[in-house]
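Next come the chains, spelled out residue by residue.
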Amino acid sequence: MTQEELDALMNGDIDMDELSESEETQEESVADSQEAVENESAGAEPENIIEEKIKSAELPLPATDENKMVHQLDDVTKESEEKASEIFDIIEGISNDLMEKEESLGTIIEVLSSNIELFEKLVTKFPDVATFQTQLAENQRALDEANASLESLQNSGDAIMNVMDIMQYQDIHRQKIERVINVMRALSKYMSTLFEGKIDDEERVSSATHIHGDTHNDVASNEDIEALLAQFGNA
């Protein structure tokens, strides 16, 4: 209660009910203000959490075999070349089988054609013998099926040749990847040359791990720095 409110109460200008309502209103306003401040503070993340998130997002992946870019590309070219060679061997085997079947069908077609010529002569000479006509029709039907099978085998052989032609692009893709690897290696060597110094690392003065004015104590040890340099050197 302020001095003004106390004087007004003594003079009878206000009563106790009005004074109680005024105090309750002020208390609610103060409580609302405090709650708003607490909510705002709760919504904001602590600085250490923000720093951890930034660090985790900015830290590079470790320089292992699974993360080295050139190493991975070398594996891709090697594996793709091996798998392409296996595919070519399988396709070649299928193509050879088809050629053998074509030769066998060619022999069968010759025999059926010879039979048809024979039965045509027999039917002409003995038109009343139904067996000759039946055998002529059956041989003709077998010859038609053999010719259809031969055409199917030839189409399959042509399709396999097209597959082998398409597979040639795999070698072109390998050459493109190798060109990318060569460019990356050239850039790596250039960057290494760019950062070279006149003084050997062993002769350099050791760097301070903590300098006055640093806002954190997350300092790297000499072992950490040497390990990092070793990773760059092996990349």
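Residues numbered from 1 in each chain as written. Predicted model: local features only at pLDDT ≥ 70, side-chain atom pairs only at ≥ 80, totals over all residues. Heavy atoms only, no water.

**Structural notes on the overall build of the protein chain**
Working step 1: When helices and strands are counted, the protein chain shows six helices and zero strands.
Working step 2: Put simply, the protein chain runs from its N terminus to its C terminus through helices and strands in the order α-α-α-α-α-α.
Working step 3: Residues counted as buried form 11% of the 235 residues belonging to the protein chain.
Working step 4: Within the protein chain, residue pairs in contact and separated by at least 24 positions form 62% of the contacts whose partners lie at least 6 positions apart.
Working step 5: Approximately 19,100 Å² of the protein chain is accessible, and the part contributed by carbon and sulfur atoms is 54%. (Helix = DSSP H or I, 4+ residues; strand = E, 2+ residues; numbered from the N terminus. Buried < 20%, exposed > 50% of the residue type's maximum accessible area, 1.4 Å probe, protein only. Contact = heavy atoms within 4.5 Å. Areas by Shrake-Rupley, 256 points an atom, 1.4 Å probe, with all protein chains shown as cover.)

**Focus: the nonpolar core**
Working step 1: With 14 residues, the main nonpolar core has L105, I109, L136, L143 and A146 as its most contacted residues.
Working step 2: Elements supplying a minimum of two residues to this core: helix 4 (69-125) and helix 5 (130-194).
Working step 3: In terms of residues, this core owes the most to one element, helix 4, which gives eight residues.
Working step 4: Excluding residues within four positions of it along the chain, A146 makes contact with L105, I109 and L112. (Core = buried A, V, L, I, M, F, W, Y, C linked by side-chain atoms within 4.5 Å.)

**Comments concerning the environment of A137**
Working step 1: Note that A137 resides in helix 5.
Working step 2: Residue A137 is classed as partly exposed on the basis of its relative accessible area of 42%.
Working step 3: For A137 and F119, which are 18 residues apart along the polypeptide, the C-alpha to C-alpha distance reads 9.1 Å.

**Thoughts on the side chain of T77**
Working step 1: Note that T77 resides in helix 4.
Working step 2: When sequence neighbours within four positions are dropped, the list of residues in contact with T77 reads R174, I177 and E178.

**Section: the confidence of the model for the protein chain**
Working step 1: Residues with a pLDDT of 70 or more make up 61% of the protein chain, whose mean pLDDT is 76.
Working step 2: Between the elements of the protein chain, mean pLDDT differs from a low of 53, seen in helix 3 (residues 47-58), to a high of 91, seen in helix 4.
Working step 3: Scored below 50 in pLDDT, residues 41-45 makes two contacts in the model with residues more than four places away or belonging to other chains. (pLDDT = per-residue confidence, 0-100.)

**Things to note about the packing of helix 4 against helix 5**
Working step 1: Between helix 4 and helix 5, whose axes approach to 7 Å, the crossing angle comes to 165°. Viewed along their axes, helix 4 and helix 5 adopt a mutual orientation that is roughly antiparallel. Every pair of crossing elements has a handedness; the one defined by helix 4 and helix 5 is left-handed.
Working step 2: Residue composition of the contact of helix 4 with helix 5, grouped by class: 32 nonpolar, 16 polar and eight charged. (Axes fitted to C-alpha atoms, helices over the stretch in contact; angles between N-to-C directions. Parallel < 35°, antiparallel > 145°, perpendicular 65-115°, else oblique. Left-handed = near helix turned anticlockwise from the far one by under 90°. Nonpolar A, V, L, I, M, F, W, Y, C, P; charged D, E, K, R; others polar.)

**Some remarks on a negative patch on the surface**
Working step 1: Judged by side-chain charge, D65, D74, D75, E79, E81 and E82 come together as a negatively charged surface patch.
Working step 2: Here E81 lies in helix 4.
Working step 3: Residue classification places E81 among the partly exposed residues on the basis of a relative accessible area of 44%. (Patch = residues over 30% accessible without salt bridge, like charges linked within 9 Å, V, L, I, M, F, W, Y side chains within 5 Å. Salt bridge = Lys/Arg side-chain N within 4 Å of Asp/Glu carboxyl O. Lys, Arg positive; Asp, Glu negative; His and termini not counted. Charge placed at Lys NZ, Arg CZ, Asp CG, Glu CD.)

**A few points about the pattern of salt bridges**
Working step 1: Applying the stated criterion to the full structure yields three salt bridges.
Working step 2: The partner of K83 in a salt bridge is E86, with the nearest N and O atoms 4.0 Å apart. One end of the pair, K83, and the other, E86, are both in helix 4, three residues apart, so they sit about a helical turn from each other.
Working step 3: Using a relative accessible area of 43% as the deciding quantity, one classes E86 as partly exposed.
Working step 4: The shortest N-O distance in the salt bridge between R174 and E178 comes to 2.8 Å. Of the two residues, R174 and E178 both sit in helix 5, four residues apart, roughly one turn of that helix.
Working step 5: Residue R174 is classed as buried on the basis of its relative accessible area, which comes to 15%.
Working step 6: Overall, E178 belongs to the partly exposed group, its relative accessible area being 31%.

**Regarding the packing of aromatic side chains**
Working step 1: Throughout the structure, instances matching the rule amount to one aromatic pair.
Working step 2: Ring geometry for F126 against F132: centres 6.1 Å apart, planes inclined by 55°, an arrangement best described as tilted.
Working step 3: Look at F126 and you get partly exposed, because its relative accessible area is 38%. (Phe/Tyr/Trp six-rings, centres within 6.5 Å; stacked < 30°, edge-to-face > 60°.)

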